[in-house]
Amino acid sequence: MNTPVTEFTIEELADTIRKCQKCHLSRTRKMAVPGEGNPNSIVMFVGEAPGGDEDREGLPFIGRAGQLFTRILQSVQIDRKSVFITNIVKCRPPENRNPNKSEIDLCLPYLESQIALINPKIIVTLGSVPAKCLLNSEEAISRLRGKWFSWTGGIKIFPMFHPSYLLRHQETTPGSPKELTWRDIQELKRVLDTF
Ligand code: SF4
């Protein structure tokens, strides 16, 4: 992790992100999506990158996957407004492809500054890209999810599946992505309730 910039407020940082042209995604995005939520949250959720709906509105997790994500939070009485939600890359990659390494490297300082400003106790990564990046791991998300990892500054990382993956795998049988996510969100809630 680089030395994050913390002389700004979270909103000032968001304004900087909205104007950012550090990488070529600035040429194809409609709006950068800095993230939103409670700047004092003890948990941050970090997805991969904005999709089409997010790109149009400048807000994170508002499309179909985002709506499912909100319902997952509600299922364990986590109010979406009480947490902070962002992505590892703040601008939409064309055709919703995964962000590549150079895009992630250029954008990561923004996430690092958000983490430094919010100072969460837990970071929940959603999907394979943020889990592999923050954990510096090549393990598949199916092996990382549902486990607790110690990270910089005493923060715990808890990887979960991305909600868009759950939309593509609707089954709820034991061991299915949805059933595993149900277990994961209950585990997250259990630990959040200890703070
Ligand atoms: S993806 Fe990140 S680094 Fe690239 S233009 Fe957007 S905010 Fe800047």
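In this report, the structure presented in the accompanying data block is examined. None of the values given here were measured: they were computed from a predicted structure. (Residues numbered from 1 in each chain as written. Predicted model: local features only at pLDDT ≥ 70, side-chain atom pairs only at ≥ 80, totals over all residues. Heavy atoms only, no water.)

**With respect to the overall build of the protein**
Cut-off, in case you're wondering: The numbering of helices and of strands both runs from the N terminus, where a helix is a DSSP run of H or I of at least 4 residues and a strand a run of E of at least 2. With C-alpha atoms as the basis for the radius of gyration, the globule rule is written as 2.2 Å multiplied by the number of residues raised to the power 0.38. For every residue, the accessible area obtained with a 1.4 Å probe (protein chains only) is divided by the maximum for its type, and the residue is called buried under 20%, exposed over 50%, and partly exposed between those limits. By the convention used here, residues are in contact when the closest approach between their heavy atoms is within 4.5 Å. Note on areas: Shrake-Rupley with a 1.4 Å probe; residue coverage comes only from the protein chains shown.
Along its length, the protein carries eight helices and six strands. The linear arrangement of helices and strands in the protein, starting from the amino end, is α-β-β-α-α-β-α-β-α-α-β-β-α-α. Its C-alpha radius of gyration of 16 Å places the protein within 12% of the 16 Å reference for a compact globule of 195 residues. With the C-alpha coordinates aligned to their principal axes, the bounding extent of the protein is approximately 45 × 35 × 30 Å. For the protein, buried positions account for 50% of its 195 residues. At a minimum sequence separation of 6, the contacts of the protein that also span at least 24 residues come to 71%. Summed over all atoms, the accessible surface of the protein reaches about 9,700 Å², with 49% contributed by carbon and sulfur.

**Thoughts on the sheet that holds strand β3 (residues 84–87)**
Put simply, the rule reads: Strand pairing follows a simple DSSP-based rule, namely that at least 2 bridges must link the two strands.
Here we have six strands laid out as an open sheet, ordered β1-β3-β2-β4-β6-β5, and mixed in their pairing. This sheet does not close on itself; its edge strands, each paired only once, are β1 (36–37) and β5 (149–150). In this sheet, β3 lies alongside β1 in antiparallel orientation, the contact comprising two bridges. In the strand pairing of β3, E36 is matched with I85.

**Topic: the packing of aromatic side chains**
Short version of the rule: Ring geometry is summarised as follows: Phe, Tyr and Trp rings, the Trp one being its six-membered ring, pair when their centres sit within 6.5 Å, and such pairs are stacked at plane angles under 30 degrees, edge-to-face over 60 and tilted between the two.
What the rule picks out here adds up to four aromatic pairs. Considering the side-chain rings of F61 and F69, the 5.1 Å spacing of their centres and the 45 degrees angle between planes classify their relative orientation as tilted. Ring geometry for F161 versus Y165: centroids 5.0 Å apart, planes at 35 degrees, classification tilted. For F161, a relative accessible area of 7% puts it in the buried group. Taken together, the aromatic side chains of F45, F61 and F69 make up a single cluster linked through ring pairs.

**Notes on the site of the ligand**
Note the cut-off: Distances are taken per atom, and a residue is near a molecule or strand as soon as one of its heavy atoms is within 4 Å of it. Polar here means any residue other than Ala, Val, Leu, Ile, Met, Phe, Trp, Tyr, Cys and Pro, which are nonpolar, and Asp, Glu, Lys and Arg, which are charged; Gly is therefore polar.
All residues adjacent to the ligand are C20, K22, C23, L25, S26, R29, V89, K90, C91, C107 and Y110. Class assignment for the residues of the shell around the ligand results in seven nonpolar, one polar and three charged.

**Some thoughts on the side chain of Q114**
On the secondary structure map, Q114 appears in helix α4 (residues 101–118). The exposure class assigned to Q114 is buried, which follows from its relative accessible area of 2%. What Q114 contacts, discounting residues up to four positions off in sequence, is I10, L13, I17, P34, M44, F84, T86, K90 and N119.

**Concerning the packing of α4 against helix α5 (residues 128–135)**
When two helices pack together, their arrangement is captured by the angle between the axes and the distance separating the axes. Our working definition: Simply put, an axis is a line fit to the C-alpha atoms, just over the touching stretch for a helix, and the angle between two N-to-C directions goes from 0 to 180 degrees. Any angle that is under 35 degrees is reported as roughly parallel, and any over 145 degrees as roughly antiparallel; angles of 65 to 115 degrees are reported as roughly perpendicular and all others as oblique.
Relative orientation of the contacting elements α4 and α5 amounts to 80 degrees, with a least axis distance of 13 Å. Overall, the two elements α4 and α5 adopt an arrangement that is roughly perpendicular. Of α5, the residues touching α4 (which contributes I104, L108 and L111) are V129, C133 and L134.

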